[in-house]
Structure formats: C-alpha cells, structure tokens
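Analysis of the macromolecular model
Take a look at the letters that make up each chain.
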Amino acid sequence: MKKIILVFVLLVLPASLQAEEQSCIGCHETATPAAITQWQGSAHFPSVGCSDCHGTDHERMRSGEISVTAHTCGNCHQQAFSEHASSKHSLGLHTGWGCTRNMPDRNREECKFCHDENSSLAKSKVQCARFLKQTGEMRAIGCNRCHEVENSCQSCHSNHLTDLEIVRSSRICAKCHMGPDHPQWEMWETSLHGSLNMTMGDSIGPSCQSCHMPQGSHDVSLGITVTTGGNDIPLEKATVEREKMLDVCAKCHARDFARRDLEVADKVRQQANDILKEAETRIRQIGDQNLLEPSPSERPKHPLSGNTLVLDSQMLYEDYSHLERLFFKMKKYDHAKTWKGAYHQNPAYTHWYGNAELKMDLVDIKAEATRLEKQALLMEGGGSTPGKVDDRDELERLTDDYRRGRMSEQEFQEARKKLLESFSGDGK
Amino acid sequence: MKKIILVFVLLVLPASLQAEEQSCIGCHETATPAAITQWQGSAHFPSVGCSDCHGTDHERMRSGEISVTAHTCGNCHQQAFSEHASSKHSLGLHTGWGCTRNMPDRNREECKFCHDENSSLAKSKVQCARFLKQTGEMRAIGCNRCHEVENSCQSCHSNHLTDLEIVRSSRICAKCHMGPDHPQWEMWETSLHGSLNMTMGDSIGPSCQSCHMPQGSHDVSLGITVTTGGNDIPLEKATVEREKMLDVCAKCHARDFARRDLEVADKVRQQANDILKEAETRIRQIGDQNLLEPSPSERPKHPLSGNTLVLDSQMLYEDYSHLERLFFKMKKYDHAKTWKGAYHQNPAYTHWYGNAELKMDLVDIKAEATRLEKQALLMEGGGSTPGKVDDRDELERLTDDYRRGRMSEQEFQEARKKLLESFSGDGK
Amino acid sequence: MKKIILVFVLLVLPASLQAEEQSCIGCHETATPAAITQWQGSAHFPSVGCSDCHGTDHERMRSGEISVTAHTCGNCHQQAFSEHASSKHSLGLHTGWGCTRNMPDRNREECKFCHDENSSLAKSKVQCARFLKQTGEMRAIGCNRCHEVENSCQSCHSNHLTDLEIVRSSRICAKCHMGPDHPQWEMWETSLHGSLNMTMGDSIGPSCQSCHMPQGSHDVSLGITVTTGGNDIPLEKATVEREKMLDVCAKCHARDFARRDLEVADKVRQQANDILKEAETRIRQIGDQNLLEPSPSERPKHPLSGNTLVLDSQMLYEDYSHLERLFFKMKKYDHAKTWKGAYHQNPAYTHWYGNAELKMDLVDIKAEATRLEKQALLMEGGGSTPGKVDDRDELERLTDDYRRGRMSEQEFQEARKKLLESFSGDGK
C-alpha cells in the first residue's frame with residue numbers, strides 16, 4: 001500500500017510542493033508543533049505533504065469550512081475506503097448527518113453524506129429524531145463527534161499519525177462504543193477475551209479488531225447477524241454472516257462450541273425482545289386510555305411523527321411522559337446490554353446490567369401504569385362536594401382551552417398554577 | 001509442582017498416548033489452531049496430552065456433554081484444588097448450581113457440585129431463587145458463566161495456557177467481580193492500591209491476588225470477616241480472619257494503622273445495615289397494610305418461599321412491587337458498594353456510589369410508601385362519606401399535632417401506623 | 001530541586017540522625033518492610049530520614065494523632081507547596097475539613113486547614129452541608145480520603161516513593177476524580193486523548209497532567225474558566241484562564257480549532273444550566289404550594305440553612321422529598337457530566353450520561369410535580385359520586401372474580417381494560 005501511495009503521490013505532486021510545504025512548516029512548527037512532529041514521524045513524510053490533504057485555501061481551513069474527509073484519504077487508500085463505505089460505520093453516520101438540513105449552521109460538505117451530487121434523494125432512509133431535538137452544539141460534540149466516523153478516517157486513525165498500534169488497540173473503539181446505549185468497550189474489557197488481551201496481547205486474547213476487522217478489513221459489519229439501523233437483518237443474510245463470524249471464532253475455539261455459544265446469545269436476545277414487548281403493550285394500553293401525562297397531543301411535535309406515541313427506534317428521551325421515559329431506559333439501555341453482553345461473553349452485562357434491570361424496568365412500568373389508572377379512576381370519581389367539582393371543572397375547562405389553542409403554553413401554566421394554589425389555599 | 005505433574009504423568013500415561021495425540025493434532029491444527037499452539041507453548045507440553053484432560057470420547061466432547069472440570073486438574077494440582085474447594089469460590093458455585101435439578105437441559109455432571117455420589121442431601125444449604133426464575137440460556141451465560149468457578153479452573157486460568165502472568169493480574173478477577181452487585185474490580189482499579197499497581201506493578205501496588213491469595217493460596221476466603229452466602233461470619237472466626245488479613249496489610253503498612261482503617265470499614269458496614277433496616281421496616285409496614293401492588297398473594301409464587309414477602313438474600317428482581325424493586329437496588333447494589341468500597345479503600349464507591357445512593361434509596365422508599373398509603377386512603381373513599389372525612393380529619397389532626405411538636409417523631413409514626421391500619425381494616 | 005533538598009537537609013540534620021534512623025529501621029524492617037524498602041529506593045535516601053518527616057514522638061504516631069502533612073514536605077519542596085496551596089486542590093479540602101469543629105473526634109491539627117493560628121475566622125467561606133450529615137467514619141473514608149489532598153502530598157505521591165512515574169499517570173487522579181459527581185477519569189480514559197495516551201504514551205496523547213499541570217505546575221486551577229466551590233469564576237479571570245488553556249492546546253492543535261471546541265463546550269454548559277433552571281423552577285412551584293413530602297418544616301434541620309428548601313450547592317442527598325432527590329441526581333450528577341464531558345471531549349458523557357439523562361430527569365421531575373398536584377387536589381376534594389362508587393365496585397368485583405380464579409389473566413386484563421375505558425370515556 002505504501003508503495004502505491006508513493007507512486008501516486010510522485011505522479012500527482014505539483015512542482016511547487018517543496019515551496020508550499022516550507023510555507024506551512026514555517027508557521028506551524030510554532031503554531032502546532034506536535035502536528036508537524038507527528039507528520040514528520042509518519043509514513044506520509046516526506047512524500048505526502050500538507051496541501052495534499054489540506055489543500056491550499058488557508059482561510060477556509062482556519063474557519064473550519066473545509067476539512068480532511070475520508071474521500072481525501074480514499075484517493076490513495078482505496079480498498080480501506082470502499083470496505084468502510086459499505087459497512088455499518090458508513091450507515092451509522094447517515095443516521096446522524098441525515099438531518100443536517102435542519103442545522104442553521106450546517107456545512108454544505110455534509111450534504112454529500114446523504115445525497116448524491118445535485119440530488120435531493122437521501123442515500124439512506126435512516127433519520128434520527130433524537131438528533132433533530134438537540135442544539136447545534138450538542139449535535140456537534142454529543143452526536144457528530146462519533147457519527148463523523150463515515151467521513152473522517154481521523155476518527156480512529158487520529159490526525160497525523162500513521163502508526164497502526166493505535167488503531168489495533170480496542171481502546172480506540174472505546175471512544176464511541178461505550179456508555180449506557182452500547183457499552184461494548186466495557187463489556188469487552190471485563191470479559192475473558194478482554195482480560196487475556198490486556199495482559200497477554202492480541203496473540204492470546206482477541207481485541208475488538210480481531211473479531212470485527214479480521215485481517216484488517218474495514219467492513220465492521222462482517223459477521224453481524226442482528227439489527228442494523230433499527231431493522232432486523234434478513235435471515236438469509238444473517239445465516240451467511242454467522243458463518244463468517246464462526247470462521248473468526250474457529251481460529252481459537254472448536255466451531256461447534258462457538259456455534260452453541262452464539263446460539264445461546266440468539267435466544268437471550270429473543271427472550272429480551274419478549275420482555276420488552278410486554279412493557280410496550282402495557283404502555284400502549286395506557287396510551288389508548290389517554291392517560292399518558294402529558295399525552296402526545298399535549299406535547300411539542302415529534303420531529304418525524306408529530307403528535308403520536310413513538311416507542312420505536314425513533315423514540316425520544318424528552319418531551320414525553322414518565323412512563324415512556326422508563327421505557328426508553330429499558331429499550332435503549334438495558335435491552336441492548338442484555339443481548340450485546342451475551343454476544344460479547346460478559347456475564348455481568350448480560351445478567352446484572354441487562355436482564356436484572358430489564359425485569360425491574362418491567363416492574364416499574366407496570367407500577368406506573370397501575371398508578372395512572374388508579375389516579376384516573378379517582379379523578380373521574382373525585383369531587384365529593386359541589387364546590388370541589390366546580391374547581392375541577394374549572395381546571396378541565398382551562399386544559400380544554402389550552403388544547404384548543406385558545407391560550408399559549410405560558411398563559412396556561414400561569415393560569416393553572418394560580419388555580420391550583422387557590423385549591424391548596426384552604427386545606428392541608 | 002511441575003516436577004510432580006511430570007512424574008505423575010509419566011506413571012499414568014497410556015502407551016498409546018503418542019498415537020492418540022497425533023490423531024487429535026492432525027485435525028485440531030486446522031480446527032482449533034490457537035488451542036494447539038497454546039498447548040504446545042504451555043508447561044503441559046509434551047507430557048500432558050489432549051486425552052489426559054479431555055478423555056477420548058470425541059462425540060460427547062463435541063456435544064458438550066463432557067468437559068474438563070476442576071477435578072480433572074485436581075488429579076495433579078492437589079493443593080490448589082483443596083484450597084479452592086474449601087473457599088468462597090467453591091460455595092459461590094453451589095449457589096448457582098444448587099438449583100440445576102430444575103433445568104430441563106442440565107448436565108448430570110452438575111449433580112456432583114451439590115450432592116455426594118448417590119445422595120440427595122445438598123452439600124450446601126444455599127439456594128438461589130433468582131437463578132430459578134431465569135431461562136436456561138440466561139442461567140448459562142448470565143449465572144453459570146461466573147458460578148462455574150468452583151468446578152472449572154479455566155474460569156481463571158483459561159483453557160490451554162499455563163502462563164501465570166494471566167492469573168496474577170487483577171484483570172482476570174474483573175471477569176466476575178464487577179458490576180452493580182459487587183464492583184470490586186472497579187473499586188480496586190480506581191483506588192490508590194490499584195493505581196500504584198497499574199503504574200508500578202505488584203511490588204509497589206497490591207493486586208487482588210496480593211491480598212486475597214497471598215503466596216498464591218487458592219483459599220480466597222482468607223481474611224474475610226463479613227457475610228458469606230448471605231450469612232454473617234461468626235465473631236470468633238471473624239476475629240481470627242481479621243488477624244490473617246492484617247498479616248497481609250503489615251507487609252506495607254503499620255499494623256495499627258491498617259487495623260484502624262479496617263475498623264472504620266466495620267463501622268461503615270454497621271451503619272449501612274441500620275439504614276437498610278429502616279427501609280425494610282417501612283416496607284413491611286406497607287406489606288402489613290396489604291398495600292403492595294401487586295401483593296404477594298397476587299404474584300407468581302417465589303421459587304423458595306411461595307406467596308410471601310421476601311426481602312432477604314433470596315429476594316427476586318422481578319414479579320413484585322415497585323417498592324420492593326427500590327429495596328432490591330438499595331440492598332443488593334448500594335448497600336454492598338458502601339461497605340465493600342470502605343474495605344477496598346475507595347472513597348467514591350463508599351460515599352457516592354454507596355452512602356449517597358443508599359440514603360436517596362431511603363428517600364424514594366419512604367415517598368413510595370406514603371404515596372401508597374394516600375392512594376389507599378383515597379380508594380377507600382377519599383373522604384366522600386362522613387366516616388371517611390372523620391378518618392382523614394383524624395390523620396390531619398395527628399399530623400398537625402406532630403408539626404406543632406406535641407408528639408415525638410416516633411410517637412407520630414406509631415399513632416399514624418395504627419390509624420392507617422384501622423383504615424385498611426375494612427375495605428380493599 | 002533534589003540538590004536544594006540535599007543541601008537543606010545536610011544543613012539541618014541533627015547529629016543524632018544516624019542513631020535515630022537505626023532505631024526506627026531496627027523494628028520497621030519487620031513491622032513495615034515495604035515502607036523501608038521504598039524509602040531506601042527513593043531520592044530521600046539516605047539524606048532525608050524517618051524523623052525528618054515523622055518526628056520522634058512514637059506514641060502519637062501510633063495513635064494517628066500526628067501525621068506527615070503538606071507543610072512537612074513544603075519545608076523542602078517550597079515551589080510545589082505554594083502552587084498547590086493557591087489551587088482548587090487547596091480549596092477542595094477546605095470544603096471537606098471546614099466543618100470538623102462539628103466532629104467529636106476531630107484532630108486539632110485540622111483547625112489549621114481553615115483557621116490561621118489563634119483565629120476563629122475561616123480562611124474559606126466554603127462549608128459542606130453533606131459532610132455535616134455524615135458519621136465520623138463516613139467522613140473519614142467517604143469524604144476526607146479525597147479532601148485530605150490539600151494537606152497531604154502523599155494523597156497523590158504515595159507515602160515513601162519519590163518515583164515521578166506514579167504522579168505523571170492519569171491513574172493517580174482517578175483515585176478522586178471519578179464517580180457519578182465528576183467522572184473525569186472515565187471521561188478521559190474513553191476519549192481520543194485518553195486512548196492515544198494509554199496506547200502511545202504522554203508524547204502522543206495528553207494525560208490529566210499534560211493539560212492541568214503543564215511543566216509539572218502544582219496549580220491545578222490553571223486554565224479553569226468555570227465554577228469553583230459552587231461559584232462562577234468572574235469573566236475577566238475566566239478570559240485570562242482560557243488563554244492559558246489554549247496555550248496548552250496549541251502544543252498540538254491549531255489555536256483557532258481548539259478555541260472553537262472550548263466555545264462549543266461553553267455553550268453546552270449554558271444550555272445545561274437552562275434545563276436545570278427549568279426543573280428548579282418547577283420544584284419551587286411545588287414548594288410554594290407546600291406539596292413537598294416531607295415539607296421542609298417536617299424534616300430534620302438542614303445543617304446550614306435549617307428548615308428551608310435548599311437546591312443550591314449545599315443541597316443534601318437525604319432527609320427530603322422524592323422530588324428533591326430527583327433534582328439532586330440531575331444537578332450533581334447529570335448536569336456535571338454534560339458540560340464536563342464536553343470540555344473533556346467525550347461524546348458519550350456529554351450526550352448519553354449527560355444530556356439524555358438531564359432531559360429524562362426533567363421528564364421525571366415534571367411528572368412527580370404533576371402527581372403531587374393531582375394528589376393534593378384529590379386529598380382536598382377526594383371521594384366519589386354514587387355512580388362512580390358503582391364503577392369502582394364493578395372493578396373490585398372483577399378483581400375478586402379474577403383472584404378467585406373465575407377468569408384467566410387474559411380475560412381479566414381485557415375486561416379490566418374495557419371497564420377502565422368506559423370510565424375515561426366521559427371525562428378528561
């Protein structure tokens with residue numbers, strides 16, 4: 001590969017390179033010394049120079065308008081780029097960037113992530129409602145700092161180093177593959193695989209890359225048999241991918257043994273799906289009774305589905321009821337830990353962080369559902385004395401006016417607060 | 001030790017070994033190359049061959065019916081085996097395996113973990129109700145993947161390696177000793193002990209093994225003075241064990257200094273017990289008023305205790321009330337972190353993950369108990385009928401008296417409890 | 001620096017040192033062998049002996065009455081001591097120790113942390129209400145084990161080692177800078193900075209010290225622009241500090257690029273403040289209606305503010321309402337993770353552990369507030385009209401039939417759902 005780069009570079013380098021490099025280095029030895037040192041210590045030095053990746057428009061570099069993208073690296077690293085572009089790492093980013101048209105401060109470069117040149121048709125159907133609800137700043141550091149992976153090789157390789165030691169370590173994956181929604185790093189580090197790797201190295205214990213990027217492949221979807229972008233992988237494809245993963249397992253384990261273990265994980269996932277379904281059904285019962293507080297009709301619109309109850313992969317973590325919030329934790333965090341923990345051979349994530357939490361979530365959801373039903377029953381039958389009935393009628397009239405758009409959210413809140421204070425004025 | 005193995009092996013090896021080994025290696029060099037390479041690089045090579053540990057019944061090996069157990073290793077490694085068999089690591093497994101008679105797909109080998117040959121008497125009284133509630137798959141990966149430790153030396157030593165570097169690292173303990181119920185790995189890694197060990201090695205900072213397996217002892221119960229299998233350790237034994245642990249501490253610390261620190265941890269544990277007791281008492285009050293939703297009589301039977309309220313070490317994490325779920329988190333997670341964190345010298349686990357959560361759990365439990373009582377009061381009649389109005393007036397009068405300092409907190413709680421019981425006497 | 005020590009030491013050493021050392025070593029070679037070995041391998045050996053740091057009053061050493069403080073080390077290490085004393089690490093401790101007058105078992109040495117000799121005036125206004133609520137044991141291990149940092153160099157340097165490898169590792173910071181309230185260690189370890197450092201070392205990836213203790217400075221407040229001890233840093237100072245931090249960033253990054261990133265974090269922090277404010281406002285509404293359970297007047301007094309609602313930096317985690325407990329998690333844990341995660345360039349902490357939790361906390365707080373208002377409304381007017389009584393009887397009859405096994409779980413659920421829908425048909 002290095003040879004290819006060199007040849008390529010020698011053919012395309014403008015005659016003026018030497019001069020240009022000098023002009024960059026002249027300032028950046030002081031402005032960003034580490035960047036220069038790292039480049040000078042890298043496989044890119046001296047043949048691949050500053051302008052080959054950064055171009056020559058210094059103003060737009062400084063403003064952050066132009067940046068080095070995966071396409072820049074792909075000019076030389078063609079195989080890696082194409083493997084990467086066809087993998088989940090590519091789809092992942094669509095999820096995040098798919099919505100940047102809603103960003104006032106969006107970079108026009110981003111359009112290319114979802115649209116072919118001069119086309120308004122999205123390359124990917126995946127949208128992210130949660131992303132749409134966030135501020136530009138939260139999107140930048142909270143969402144895109146990971147979802148930039150499709151179009152930024154630096155996301156894993158860092159900016160100026162070419163040392164492969166970095167990208168062969170599971171630590172580089174931890175940057176994104178950690179946390180409550182998918183703690184693969186935590187699961188791996190505390191699994192037998194991880195402890196063998198951290199004590200004895202890649203030859204004894206597998207890293208993330210050993211199983212998910214065998215022989216340095218950049219197709220991280222290899223051997224994945226479960227959902228992608230919220231949708232199940234078709235059985236035929238899953239069957240083929242399972243065998244690919246077993247090829248990896250068989251480097252150390254008897255294939256039958258590994259197959260049994262992965263099939264146990266398949267069942268764990270199915271059982272977790274059933275528990276999740278039970279909770280969802282109970283929540284829909286409450287929704288059907290119009291007992292969610294606030295109800296979908298009382299909330300800011302869901303970015304993709306408007307005033308409806310959304311419990312699927314586009315579920316939000318804000319602007320809804322406590323009951324849905326309990327389900328979000330169950331679905332996005334605990335359900336994921338249960339089955340991902342099983343595939344990653346981590347008992348504590350499968351059982352304690354996963355299964356136990358999943359079942360306690362179900363307890364909480366049923367309890368809150370029952371509470372809402374009993375409360376409704378009491379609100380229905382409440383108001384023993386005529387005066388009290390009037391009070392409550394007044395509150396209901398107020399709420400109706402608000403729902404019918406006869407007053408603003410703020411007017412409603414103020415009037416409501418006044419009314420409730422008048423209630424609590426006399427008694428307790 | 002190696003000599004002993006060698007001698008033993010040379011005496012017992014069947015003449016046909018060479019041939020047998022060849023027949024295994026012939027296939028497994030391709031089928032499980034890493035296994036072969038690791039064995040060839042191990043202290044077992046060449047004298048201890050495949051069939052010495054795996055036997056010769058290939059069909060039952062492939063089906064997973066027969067596997068290499070601690071007894072297999074114990075044939076040579078007698079001292080390690082006997083130390084291990086008398087330790088918590090042995091009891092631990094009984095907890096998990098003690099219930100496999102309930103597993104449709106159980107391996108008959110497992111009977112030996114709890115029963116002597118031809119005896120139906122359990123070696124251990126410990127049973128695990130939580131285990132009994134799980135599916136075969138969740139038991140396999142979620143429970144037994146850790147609880148296999150008694151009868152599987154590979155659980156720590158891995159399958160074919162004999163390199164002790166692995167089992168001298170705290171990382172190997174992390175595999176099981178992590179997570180919400182007993183995060184010893186997390187506590188250690190972020191303690192002074194752990195950071196010294198991870199930067200400077202065993203000679204400067206102690207690993208798990210330095211304190212719990214001194215001189216390579218396999219009796220991990222050494223120096224443990226607290227509960228084992230849910231029961232307190234008798235004072236006499238605890239006193240003896242404390243001195244054993246101080247012998248370890250004294251390798252680095254002044255014995256008086258270490259003793260003071262462990263006694264602080266003893267008190268922290270007692271104080272945590274008291275906070276837990278307060279919560280349990282409140283929950284039993286609610287149970288006595290039959291206000292748990294669902295009530296024990298409305299639930300699937302507890303695997304060991306049937307339709308009763310279970311708040312002890314056999315407590316479940318499913319099929320019960322929100323109030324009990326709050327207590328499960330408090331008891332199994334936060335209470336454990338408080339005192340284990342103190343013994344492991346980790347301030348954040350003792351205080352933030354432990355004590356602070358423990359006290360917030362108490363807040364939550366009292367709040368939910370109050371909510372249930374008020375809801376019951378309202379379901380009763382919420383003061384619609386004259387009698388009920390009197391009841392509520394009585395409660396308010398009581399509360400006023402207390403707020404005006406006319407009775408102590410305790411007098412108030414007792415009077416209040418009596419009153420509420422009188423309410424729940426007639427209805428629901 | 002070593003030279004300075006040596007010279008100093010040679011000038012002040014009492015003639016009797018040799019004899020004294022011998023008397024210590026004689027016993028401690030057996031009593032605390034590691035301590036002796038570490039001292040003998042340290043830069044302090046042989047010129048700085050036992051008594052230079054520990055003094056000669058063996059009884060008070062053993063009782064723990066006297067200990068080696070930062071002032072002891074400061075006798076030689078003057079620059080480090082003065083940098084440290086003017087930093088947050090110094091203020092931090094005041095927070096904890098500021099209240100030791102309330103400790104029955106306090107060490108008179110501690111007075112010096114907050115008071116000049118013979119003065120009752122506190123050097124620091126900072127007090128810690130949470131500390132005041134804890135037992136002596138919890139203060140010792142839970143609070144002061146970290147807050148001892150001001151007056152104990154060993155807190156980071158360990159007792160007898162002088163090897164700087166320890167204090168140049170981020171691991172030593174983890175000891176205190178981890179956990180739910182400020183997980184800087186976890187944020188760093190799983191950030192790009194951390195993974196580069198853990199794989200390639202300090203020259204490639206920054207450690208805690210690279211950014212917060214540049215050139216080995218002991219002023220850990222350098223470059224900090226946000227709150228200190230619960231109070232905002234004045235804009236003028238913040239502006240100066242920002243440039244100091246950018247000097248550090250510019251060692252690797254273009255200054256403009258780094259400035260933009262820190263400004264994104266500034267905005268993330270402001271946005272998190274706004275979300276927090278919304279929750280606080282709602283809680284105060286509930287407080288104004290006197291609906292908190294228990295209300296401030298019904299609780300044990302707040303150590304600093306008595307029977308009032310405290311939601312500021314002196315907020316407790318005990319003896320208050322469920323609503324306040326939800327706010328404590330939001331304010332102390334999730335709000336902190338959101339903005340600290342942004343400054344430490346960790347997407348998962350900013351977004352999932354931070355922003356997502358923060359917004360779900362808001363959902364929970366609004367839901368609990370609504371519940372309390374509705375409950376109050378019902379307690380005020382509760383009860384039911386005859387028609388409604390019939391409805392409720394019907395539900396109870398249904399439930400009885402089910403409990404008596406006259407219908408299946410499914411039949412019951414369906415009938416129950418129908419009935420409840422008929423109730424909610426007319427009203428709300």
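Everything that follows concerns the structure shown earlier in this document.
This write-up is about the structure you can find in this document. Keep in mind it's a predicted model, so treat the numbers as computed, not measured. (Residues numbered from 1 in each chain as written. Chains lettered and ligands numbered in written order. Predicted model: local features only at pLDDT ≥ 70, side-chain atom pairs only at ≥ 80, totals over all residues. Heavy atoms only, no water.)

1. Considerations on the overall build of chain A
- On a plain count of helices and strands, chain A comes out with 23 helices and zero strands.
- Here chain A, with 428 residues, has 52% of them falling under the buried criterion.
- Of all intrachain contacts in chain A linking residues separated by at least 6 positions in sequence, the fraction that spans at least 24 positions is 60%.
- Summed over all atoms, the accessible surface of chain A reaches about 19,400 Å², with 56% contributed by carbon and sulfur. (Helix = DSSP H or I, 4+ residues; strand = E, 2+ residues; numbered from the N terminus. Buried < 20%, exposed > 50% of the residue type's maximum accessible area, 1.4 Å probe, protein only. Contact = heavy atoms within 4.5 Å. Areas by Shrake-Rupley, 256 points an atom, 1.4 Å probe, with all protein chains shown as cover.)

2. Concerning the interface of chain C and chain B
- Chain C puts 59 residues into the contact, and the matching count from chain B is 58 residues.
- Summed over both sides, the interface between chain C and chain B buries roughly 5,000 Å², with carbon and sulfur atoms accounting for 60% of that surface.
- Among the residues of chain C in contact with chain B, Arg171, Tyr317 and Met379 of chain C are the three that bury the most area, contributing 14% of the side total.
- Between lysine 267 of chain B and glutamate 137 of chain C there is a salt bridge; the shortest N-O distance is 3.9 Å.
- For the pair chain C and chain B, the number of links is 14 residue pairs in polar contact (both at pLDDT 80 or more).
- Of all the secondary-structure elements, those providing two or more residues to the side of chain C that touches chain B are α3 (33–40), α11 (136–147), α13 (164–167), α14 (171–174), α15 (184–189), α20 (322–343), α21 (347–381) and α22 (386–403) of chain C.
- The greatest single-element share of the side of chain C that touches chain B, amounting to seven residues, is contributed by α11 of chain C. (Buried area = accessible area lost by both parts, 1.4 Å probe. Salt bridge = Lys/Arg side-chain N within 4 Å of Asp/Glu carboxyl O. Polar contact = N/O pair within 3.5 Å; in protein donor to acceptor, adjacent residues only side chain to side chain.)

3. Brief notes about the packing of aromatic side chains
- Counting across every chain of the model gives 27 aromatic pairs over all chains.
- When the centroid spacing of 6.1 Å and the interplanar angle of 85° are considered together, the rings of tryptophan 339 of chain A and tyrosine 343 of chain A count as edge-to-face. Here tyrosine 343 of chain A and tryptophan 339 of chain A lie together in helix α20 (residues 322–343), a separation of four residues that amounts to about one turn.
- Under the relative-accessibility criterion, tyrosine 343 of chain A is labelled buried at 18%.
- Considering the side-chain rings of phenylalanine 328 of chain C and tyrosine 333 of chain C, the 5.8 Å spacing of their centres and the 80° angle between planes classify their relative orientation as edge-to-face.
- Overall, the relative accessible area of 0% leaves phenylalanine 328 of chain C in the buried class.
- In textbook terms, an aromatic cluster arises when at least three aromatic residues are bridged by ring pairs, as seen for Tyr317, Phe328 and Tyr333 of chain A together with Trp352 of chain C.
- Between the NZ or CZ atom of arginine 269 of chain B and the centre of the ring of tryptophan 339 of chain B, over which it lies, the distance is 5.1 Å. (Phe/Tyr/Trp six-rings, centres within 6.5 Å; stacked < 30°, edge-to-face > 60°. Lys NZ or Arg CZ within 6 Å of the ring centre and 35° of its normal.)

4. Looking at the interface of chain C and chain A
- Contacts between chain C and chain A engage 71 residues on the former and 77 residues on the latter.
- Regarding the contact of chain C and chain A, the summed buried area is about 6,600 Å², with carbon and sulfur atoms giving 61% of it.
- Linking chain C with chain A are six salt bridges, by the criterion used here.
- Residues aspartate 261 of chain C and arginine 145 of chain A are paired through a salt bridge, measuring 3.5 Å at the closest nitrogen-oxygen approach.
- The interface formed by chain C and chain A includes 14 residue pairs in polar contact (both at pLDDT 80 or more).
- Elements that contribute at least two residues to the side of chain C that touches chain A include exactly α16 (192–200), α19 (255–288), α20, α21, α22 and α23 (409–426) of chain C.
- With 24 residues, α21 of chain C is the single largest residue contributor to the side of chain C that touches chain A.

5. Section: the environment of cysteine 146 of chain C
- For cysteine 146 of chain C, the position within the fold is in helix α11.
- When the C-alpha positions of cysteine 146 of chain C and histidine 177 of chain C are compared, they lie 9.0 Å apart, and in sequence the two are 31 residues distant.
- Apart from residues no more than four positions distant in its own chain, cysteine 146 of chain C is found in contact with Pro347 of chain B together with Lys175 and Cys176 of chain C.

6. Thoughts on helix α11 (residues 136–147) of chain A
Residues and elements named next belong to chain A.
- A rise of 1.5 Å per residue sets the reference length of α11, with its twelve residues, at 16 Å; its end C-alpha atoms lie only 14 Å apart and thus fall more than 12% short of the reference.
- Counting buried positions along α11 yields nine of twelve residues, so the element is predominantly enclosed.
- Of the residues making up α11, those classed as buried are Glu137, Met138, Arg139, Ile141, Gly142, Cys143, Asn144, Arg145 and Cys146. (Expected span 1.5 Å × (residues − 1).)

7. Points about the side chain of glutamate 186 of chain A
- Considering the arrangement of structural elements, one finds glutamate 186 of chain A in helix α15 (residues 184–189).
- No salt bridge is formed by the buried glutamate 186 of chain A, whose closest oppositely charged neighbour, lysine 337 of chain A, lies at an N-O distance of 8.1 Å.
- Dropping the residues within four chain positions of it, glutamate 186 of chain A is found in contact with His177, Met178, Gly179, Asn346 and Tyr349 of chain A together with Tyr353 of chain C. (Lys, Arg positive; Asp, Glu negative; His and termini not counted.)

8. Quick look at unusual backbone geometry
- Of the consecutive residues phenylalanine 45 of chain A and proline 46 of chain A, the connecting peptide bond is found in the cis state with omega at 0°.
- With respect to the element layout, proline 46 of chain A can be found in the loop between α3 (33–40) and α4 (50–54).
- A cis amide bond, omega -5°, links glutamate 293 of chain B with the succeeding residue proline 294 of chain B.
- By the element assignment, proline 294 of chain B lies in the loop between α18 (255–288) and α19 (322–343).
- Although it is not a glycine, serine 158 of chain A sits at a positive phi angle of roughly 65°.
- One non-glycine residue with positive phi stands out, namely glutamine 345 of chain B, at about 60°.
- Here glutamine 345 of chain B lies in the loop between α19 and α20 (347–380).

9. Section: the packing of helix α19 (residues 255–288) of chain A against helix α11 (residues 136–147) of chain B
- Closest axis-to-axis distance for the α19 of chain A/α11 of chain B pair is 8 Å, and the angle between their directions is 110°. Taken together, the axes of α19 of chain A and α11 of chain B are roughly perpendicular relative to one another. Here α19 of chain A contributes Asp261, Val264, Lys267, Val268 and Gln271 of chain A to the contact with α11 of chain B, which in turn contributes Glu137, Met138, Ile141 and Arg145 of chain B. (Axes fitted to C-alpha atoms, helices over the stretch in contact; angles between N-to-C directions. Parallel < 35°, antiparallel > 145°, perpendicular 65-115°, else oblique.)

10. Here we look at the pattern of salt bridges
- Inspection of every chain in the model, using the stated rule, returns 66 salt bridges over all chains.
- Its salt-bridge partner being glutamate 357 of chain A, residue lysine 329 of chain A comes within 2.9 Å of it at the nearest N-O pair. With lysine 329 of chain A in helix α20 and glutamate 357 of chain A in helix α21 (residues 347–381), this pair connects stretches of sequence that are 28 residues apart.
- A salt bridge links glutamate 241 of chain B to lysine 237 of chain B, with the shortest nitrogen-to-oxygen separation between them at 3.1 Å. Of this pair, glutamate 241 of chain B and lysine 237 of chain B are both found in helix α17 (residues 235–249), four residues apart, which corresponds to roughly one turn of the helix.
- In this structure glutamate 241 of chain B comes out as buried when scored by relative accessible area, which is 4%.
- On the basis of relative accessibility, which here comes to 43%, the residue lysine 237 of chain B falls in the partly exposed class.
- Shared partners join several salt bridges into a network, and the residues in it are Glu243, Asp247, Arg255 and Arg259 of chain A.

11. Observations concerning the environment of glycine 216 of chain B
- Looking at the element boundaries, glycine 216 of chain B is found in the loop between α16 (208–212) and α17.
- Put simply, glycine 216 of chain B and alanine 80 of chain B are 136 residues apart on the chain and 8.7 Å apart in space, counted from C-alpha to C-alpha.

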